[in-house]
Every structure is written in structure tokens, then in C-alpha cells.
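Per-entry structural report
Here is what each chain is made of, one letter per residue.
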Amino acid sequence: MKKSRKFKFIILWLPISSLCFCFNLLSISIVRAEACSEAKIKSYIEQLDKTNEWIFTVAALKQCGDRAVQVLSKDLQHKNETSRINAVAALGSMGTAAGSAIPTLTVALQDEDKAVRAMVVSAIGSLGRAAESAVPALSATLRDPDRTVRSNAVYAWVEIATSWQQQAKNFSHLQLE
């Protein structure tokens, strides 16, 4: 008799727990969407300079997706070089999620501050194959007067080439008809 009660309990418990799990996933998505208002994104960006939990702040920005990328892209034109560096670093840390920022990053390669240019080159490299449109502008940075910018440009080239090499390996396994 006890076994049949346990079995009935499990039969009833599974659909209810599945429903609760799905509801939690839906509510998390709703909370994430509400949490990514422009004001919240700006507060995250302000935290980049002040926090010792930088990685968590960037993760929160990444969760906000393209809205955060747009706000960070605007910050690339900020008067304060630290704000520009933080924006570039955050975009670079977001990886391919920051792909829509490539045109803005390409323009930022002309920044007057060498630290910003060095960070921009690294950020472009972290985007890998998605940064294909930035390759011509990236070529010009190989002749930059600053040594760090030049070395970061080589790193960016390696990252982009490696991602293309990986893509080529994936294609080599396909059978062409």
C-alpha cells in the first residue's frame, strides 16, 4: 500500500514540479527584461569604474544584450578616457554578444589616447570572426606609433585568424556534393 502512495505522489509531483520550473524560467526572463532599462544599464556602467566585482557587472551588462551594447557604444565618445576604456573593456569582455559595436569600435581605433586604442584593438580581437568588417582598419593599427597598440593588433589578428581556421576545420568535415 505504501508503494502505491509513493508512486501516486511521484506521478502527481512530476507535472507540478515541471510547471513550477517552467514558470520560474519565464519569470526570470521577464525580470531580466525589466532589469535592463537604460537607467539600470547606465548604473552598471558607472559601477565598472567603482567596483571590485567587475566581472559580475560585465555579466549583468551581457544579460542586457544589445541595449547594453548600444549604451556602451555611445560611451566610446565620452570625454573622459577612463569612461572610454571601461566601455571598450566591457564590450571586449562581452565577446560576440558585442558584435553590433564593431562599426563604433572601428571608429574608436582613431582615438587620440593610446590606452583607448590599445583596448579597442584587443576588444576587436576578442570578437573573433565576427570582427571581419574591422580587418582593414585593424591593418592600419599595425603601423601605430604606440608599441602596445601594435602588439595588441598582432594579438587581434591571431584571434581573428584562429576563429577563421576553426571555421575552415568545420567546413572540411562537410561532404560536398
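Just so you know, these numbers come straight off a predicted model, no measurement behind them.

**Overview of the overall build of the protein**
Across its full length, the protein carries nine helices and zero strands. Across the protein, helices and strands are ordered from the amino to the carboxyl terminus as α-α-α-α-α-α-α-α-α. The buried share among the 177 residues of the protein stands at 34%. A fraction of 62% describes how many contacts in the protein between residues 6 or more apart in sequence connect residues 24 or more apart. Carbon and sulfur atoms provide 60% of the accessible area of the protein, an area that totals close to 11700 Å².

**Describing the packing of helix α2 (residues 38–50) against helix α4 (residues 66–75)**
Contact pair α2 / α4: the axes reach a minimum separation of 10 Å and the direction vectors enclose 55 degrees. Here α4 runs oblique to α2, going by the angle between their axes. Handedness of the crossing formed by α2 with α4: right-handed. Of α4, the residues touching α2 (which contributes Glu38, Ile41, Lys42, Ile45 and Leu48) are Arg67, Ala68, Val71, Leu72 and Asp75. For the contact of α2 with α4, the residue count by class is six nonpolar, no polar and four charged.

**Remarks on the layout of surface pockets**
The computed volume of the largest pocket comes to approximately 210 Å³. Around the largest pocket sit Lys42, Ile45, Glu46, Asp49, Lys50, Val71, Asp75, His78, Asn80, Thr82, Ser83 and Asn86, which together line it. Of all the elements in the fold, those that place two or more residues in the lining of the largest pocket are α2, α4 and α5 (81–93). Ranked by the residues each element gives to the lining of the largest pocket, the list is headed by α2, at five residues.

**So, the nonpolar core**
Counting 41 residues, the largest nonpolar core has Leu61, Leu72, Leu91, Leu105, Val120 and Ile124 as the members making the most contacts within it. The element contributing the most residues to this core is helix α7 (residues 114–126), with six residues. Ignoring any residue separated from it by four or fewer positions in sequence, one finds Val120 in contact with Val88, Leu105, Ala108 and Leu109.

**Quick notes on the pattern of salt bridges**
As enumerated under the stated definition, the model contains four salt bridges in all. For Asp111, the salt bridge goes to Arg84, with nearest N and O atoms at 2.9 Å. Of this pair, Asp111 sits in the loop between α6 (102–108) and α7 while Arg84 sits in helix α5; the two residues are 27 residues apart in sequence, bridging distant segments of the chain. In this structure, Asp111 and Arg84 share a single accessibility class: buried. Among the ionic pairs, Arg117 bridges to Asp144, the shortest N-O distance being 2.9 Å. Here the residue Arg117 occupies a position in helix α7, and Asp144 occupies one in the loop between α8 (135–140) and α9 (147–172), the gap between them amounting to 27 residues. With respect to class, Arg117 is no different from Asp144; both count as buried. Taken together, the salt bridges that share partners define one network made up of Arg84, Asp111 and Glu112.

Reading guide: rules and limits
- In this numbering scheme, every chain counts its residues from 1 along its sequence in written order.
- Selection of residues for local features in this predicted model requires a pLDDT of at least 70, selection of side-chain atom pairs for listing and counting requires 80 or more, and totals for whole chains, interfaces and linings are taken over all residues.
- As a convention, hydrogens and water are excluded, and side-chain values are obtained from all of the structure's heavy atoms.
- Helix numbers and strand numbers start at the N terminus; a helix is a DSSP run of H or I with at least 4 residues, a strand a run of E with at least 2.
- Exposure classes here rest on a 1.4 Å probe applied to the protein chains alone. A residue is buried below 20% of its type maximum, exposed above 50%, and partly exposed in between.
- By the convention used here, residues are in contact when the closest approach between their heavy atoms is within 4.5 Å.
- For accessible areas, the Shrake-Rupley method is used with a probe of radius 1.4 Å. Any residue's cover is judged against the shown protein chains and nothing else.
- Note on definitions: angles span 0 to 180 degrees between N-to-C directions of axes, and those axes are lines fitted to C-alpha atoms, for helices only across the stretch in contact.
- For classification purposes, angles smaller than 35 degrees are called roughly parallel, those larger than 145 roughly antiparallel, those between 65 and 115 roughly perpendicular, and all remaining angles oblique.
- Here a crossing is called left-handed whenever its near helix is offset anticlockwise from the far helix by less than a right angle, and right-handed whenever the offset is clockwise.
- Residue type decides the class: Asp, Glu, Lys and Arg count as charged, Ala, Val, Leu, Ile, Met, Phe, Trp, Tyr, Cys and Pro as nonpolar, and the leftover types, Gly among them, as polar.
- Cavity and pocket criteria rest on a 1 Å grid covering protein atoms alone: a 1.4 Å probe that fits but cannot get out defines a cavity, protein on both sides within 12 Å along at least 5 of 7 lines defines an open pocket, and an atom within 4 Å of a point defines a lining residue.
- Grid points are joined across faces, edges and corners, and a volume is the space filled by probe spheres set on the points.
- For this analysis, a nonpolar core means a set of buried residues of the types Ala, Val, Leu, Ile, Met, Phe, Trp, Tyr and Cys, connected via side-chain atoms within 4.5 Å.
- Note on definitions: salt bridges are taken to be side-chain nitrogens of Lys or Arg within 4 Å of carboxyl oxygens of Asp or Glu.

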